[in-house]
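The lines below spell out each chain.
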Amino acid sequence: RWAAASPLLSVESSFPASADPAVETAEEAKEPAEADINELCKDMFSKMATYLTGELTATSEDYKLLENMNKLTSLKYLEMKDIAINISRNLKDLNQKYAALQPYLEQINLIEEQVAALEQAAYKLDAYSKRLEAKYKKLEKR
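As a convention, each chain's residues are numbered from 1 in the sequence order in which they are written. For a predicted model such as this one, the threshold for reporting local features is a pLDDT of at least 70, and the threshold for listing and counting side-chain atom pairs is 80 or more; totals across whole chains, interfaces and linings nevertheless cover every residue. No hydrogens and no water enter the side-chain calculation; it runs on all heavy atoms of the structure.

Visitor: When you look at the overall build of the protein chain in this model, what are you seeing that I'm missing?
Guide: Secondary structure elements follow DSSP: runs of H or I of four or more residues count as helices, runs of E of two or more count as strands, with numbering from the N terminus. Of regular secondary structure, the protein chain possesses one helix and two strands. Counted from the first residue to the last, the protein chain has its helices and strands arranged as β-β-α. Only protein chains enter the accessibility calculation, which uses a 1.4 Å probe; a residue is then buried when its area is under 20% of its type maximum, exposed when over 50%, and partly exposed in between. Looking at the 142 residues of the protein chain, the share that counts as buried comes to 1%. Accessible surface area values rest on a Shrake-Rupley calculation with a 1.4 Å probe, where residue burial reflects the displayed protein chains alone. Here the protein chain displays about 13,400 Å² of accessible surface, and carbon together with sulfur accounts for 61% of that area.

Structure follows, in structure tokens:
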């Protein structure tokens, strides 16, 4: 029989030292025994169960990791919220203190303006006194 004639045939090339290398011999393929098929099926299902268990375990671990990450993120946002509340509270306190200081700051500005005006008056008075002194000395020399 030839290999192409039946799917149950396999072609083996064997070239004994005395045989012609162009000649191939064919042997009939044998079906595995029923017990072997059952054992192979059990082995396949066992390995498939192990594989699926591994896949499901990995997916479960991924979800646990995501859950932990979400919990940590939630805690971090709560911390940030507390910090923002504290900053807001401190800003309100600072604004209240600034508002309480505002009248004093206005008084300081007013005093500064008055000092500047007084300084200008002092310069004018100094200039006037120097002119007056110069006139007096001029008159005294006469």
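Visitor: Would you take a moment to explain helix 1 (residues 34-141) for this structure?
Guide: Think of an α-helix as 3.6 residues a turn; residues three or four steps apart then line up on the same face. In this analysis, the expected span of each helix is defined as 1.5 Å times one less than the number of residues it contains. Between its first and last C-alpha atoms helix 1 spans 150 Å; for 108 residues at 1.5 Å apiece the expected length is 160 Å, and the two agree. The sharpest bend along helix 1 reaches about 40 degrees and sits at Q102, with the proline P103 one to four residues further on. A residue's bend is simply the angle between two axes: one fitted to the seven residues ending at it, one to the seven starting at it.

Visitor: In this structure, what is going on with a nonpolar patch on the surface? I would like to understand it.
Guide: Patch membership requires more than 30% relative accessible area and the absence of a salt bridge. Residues of like charge join within 9 Å; the nonpolar side chains Val, Leu, Ile, Met, Phe, Trp and Tyr join within 5 Å. One speaks of a salt bridge when a side-chain nitrogen belonging to Lys or Arg is within 4 Å of a carboxyl oxygen belonging to Asp or Glu. A cluster of nonpolar side chains, namely Y98, L101, Y104, L105 and I108, defines an oily patch on the protein surface of about 530 Å² accessible area. One can find L105 in helix 1.

Visitor: I keep staring at the pattern of salt bridges and nothing clicks. Help me out?
Guide: Pairing is possible between side chains that carry opposite charge, provided their charged atoms lie close to one another. Under the criterion given, the structure shown has six salt bridges. A salt bridge links K47 to D43, with the shortest nitrogen-to-oxygen separation between them at 3.4 Å. With K47 and D43 both in helix 1 and four residues apart, the pair spans about one turn of that helix. The shortest N-O distance in the salt bridge between E133 and K137 comes to 3.5 Å. With E133 and K137 both in helix 1 and four residues apart, the pair spans about one turn of that helix.

Visitor: Could you clarify how one ought to interpret the confidence of the model for the protein chain in this entry?
Guide: Averaged over every residue, the pLDDT of the protein chain is 85; residues scoring 70 or more account for 80%. Along the chain, pLDDT gives the predictor's confidence residue by residue, from 0 to 100. Mean pLDDT across the secondary structure elements of the protein chain bottoms out at strand 1 (residues 9-12), with 42, and peaks at helix 1, with 95. Two residues qualify as a contact provided that any one of their heavy atoms is within 4.5 Å of a heavy atom in the partner residue. Low pLDDT (under 50) marks residues 1-17, which in the prediction has 26 contacts with non-local residues, meaning those over four places away or in another chain.

Visitor: What's the story with a positive patch on the surface in this structure? I'm lost.
Guide: The convention is simple: Lys and Arg are positive, Asp and Glu are negative, and His and the chain ends are not counted. The atoms used to mark charge sites are NZ of Lys, CZ of Arg, CG of Asp and CD of Glu. Together, R131, K135, K138 and R142 line one region of the surface with positive charge. Its location among the elements puts R131 in helix 1. We classify R131 as exposed; its relative accessible area is 52%.

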